[in-house]
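Survey of secondary and tertiary structure
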Amino acid sequence: MEQTHTSHNGTATATQGAQRRVLVVEDDPTIVDAIAARLRAEGFLVQTAGDGPAAVDTAEAWQPDLLILDIMLPGFDGLEVCRRVQAARPVPVLMLTARDDETDMLVGLGVGADDYMTKPFSMRELAARVHVLLRRVERAAIAASTPRSGILRLGELEIDHAQRRVRVRSEDVHLTPTEFDLLVCLANTPRAVLSREQLLAEVWDWADASGTRTVDSHIKALRRKIGAERIRTVHGVGYALETPTP
């Protein structure tokens, strides 16, 4: 494991990523070096780990603000790393996979990953995703500190914006931060169809249509948790949150 970081002396060269810690877990030295270099340029502090056990140990000792986590790792895989890290302390996770395999993506989301990217990817997009995930955490912290607002009830579905909690038939449903934001986006205009591009822009702050597969995978993960019948697919367009007819 090696530590890399950018030193800023309080000058205007510091970026919005300054002082935020990112742990990059990847066993390919070329990819690690490229990611670390880009994140250093964005002003982040970076540590790296090349296998599952080192990743868990580093996360516990260093307390990163975000993990970039490859699925295929020596020791034990990224899914197990995600489980162990999230069990100890919630932290946003951007998962990397070399296979364009939807099963891997859904399993990753199911163990607590917030987003995923399939290799090969652009460093520009990766940096944008990192900034988006960290902004989402900041927004969630602000929402949690505000006075409790009303609970939105859509039939048997309840959304508590202040506490960022969801219940179905009075049972708590665990959603990742991204899944919660996606559900809220759909719930803001129930029964209205939102395109994948709209959802990508609203939830991920990412306007590139190449990311629409990310939306589809998160919708599938969300359906598994709140019930497939609650989200309607409009083929060729997007998705709508179904609500009981008044």
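Look a little higher up for the structure.
The structure contained in this document is the topic of the report that follows.

The rules we used
- Residues numbered from 1 in each chain as written.
- Predicted model: local features only at pLDDT ≥ 70, side-chain atom pairs only at ≥ 80, totals over all residues.
- Heavy atoms only, no water.
- Core = buried A, V, L, I, M, F, W, Y, C linked by side-chain atoms within 4.5 Å.
- Buried < 20%, exposed > 50% of the residue type's maximum accessible area, 1.4 Å probe, protein only.
- Helix = DSSP H or I, 4+ residues; strand = E, 2+ residues; numbered from the N terminus.
- Contact = heavy atoms within 4.5 Å.
- Pairing = 2+ DSSP bridges.
- Axes fitted to C-alpha atoms, helices over the stretch in contact; angles between N-to-C directions.

Structural notes on the nonpolar core
Counting 28 residues, the largest nonpolar core has Leu 183, Leu 186, Leu 199, Ile 231 and Leu 241 as its most contacted members. Elements with a minimum of two residues in this core: β8 (157–160), β9 (165–168), α6 (177–187), α7 (196–204), α8 (212–226) and β13 (238–241). Setting aside its immediate chain neighbours within four residues, Leu 241 contacts Leu 154, Leu 157, Leu 183, Leu 186, Ala 187, Pro 190, Arg 191, Arg 230 and Ile 231.

Looking at the sheet that holds strand β7 (residues 151–154)
Reading across the sheet, the four strands line up as β7-β8-β9-β10 and stay open at both edges, with antiparallel pairing between neighbours. Of all strands in the sheet, those bounded by a partner on one side alone are β7 and β10 (171–173). On average, each strand axis in the sheet is inclined to that of its neighbour by 25 degrees, with strand direction left out of account. As defined by bridge partners, β9 adjoins β10 across three bridges and the pair is classed as antiparallel. When the bridges of β10 are listed, Arg 167 appears paired with Asp 172. Along the sheet, α6 makes contact with β7, β8 and β9, crossing β8 at roughly 110 degrees.

Concerning the environment of Leu 106
Of note, Leu 106 is situated in helix α4 (residues 102–110). Here the alpha-carbon distance between Leu 106 and His 218, two residues 112 residues apart in the chain, equals 7.6 Å. Other than its neighbours up to four places away in sequence, Leu 106 contacts Ser 217, Lys 220, Ala 221 and Arg 224.

Considering the side chain of Arg 167
Looking at where Arg 167 falls in the secondary structure, it is placed in strand β9. Leave out the neighbours within four places in its chain, and Arg 167 touches Ile 151, Glu 156, Leu 157, Glu 158, Asp 172 and Val 173.

Here's the deal with the sheet that holds strand β12 (residues 231–234)
Sheet strands line up and pair through hydrogen bonds in the backbone, either parallel or antiparallel. In space, the three strands of this open sheet follow the order β11-β13-β12, with antiparallel pairing throughout. Each of the sheet's edge strands pairs with one partner strand only, and the pair in question is β11 (194–195) and β12. Sitting on the sheet, α6 touches β11, β12 and β13, and the angle it makes with β13 is about 75 degrees. Most of the contacts of α8 go to β12, to which it runs at about 145 degrees, and overall it touches β12 and β13.

Structural notes on unusual backbone geometry
Of note, the amide linkage connecting Lys 119 to Pro 120 takes the cis form, showing an omega dihedral of -5 degrees. Mapped onto the secondary structure, Pro 120 falls in the loop between β6 (115–118) and α5 (123–145). Despite not being glycine, Gln 63 has its phi angle at roughly 55 degrees, a positive value. Mapped onto the secondary structure, Gln 63 falls in the loop between α2 (52–62) and β4 (66–70). A positive phi angle is found at Arg 191, which is not glycine, with a value near 70 degrees. You can see Arg 191 is positioned in the loop between α6 and β11.

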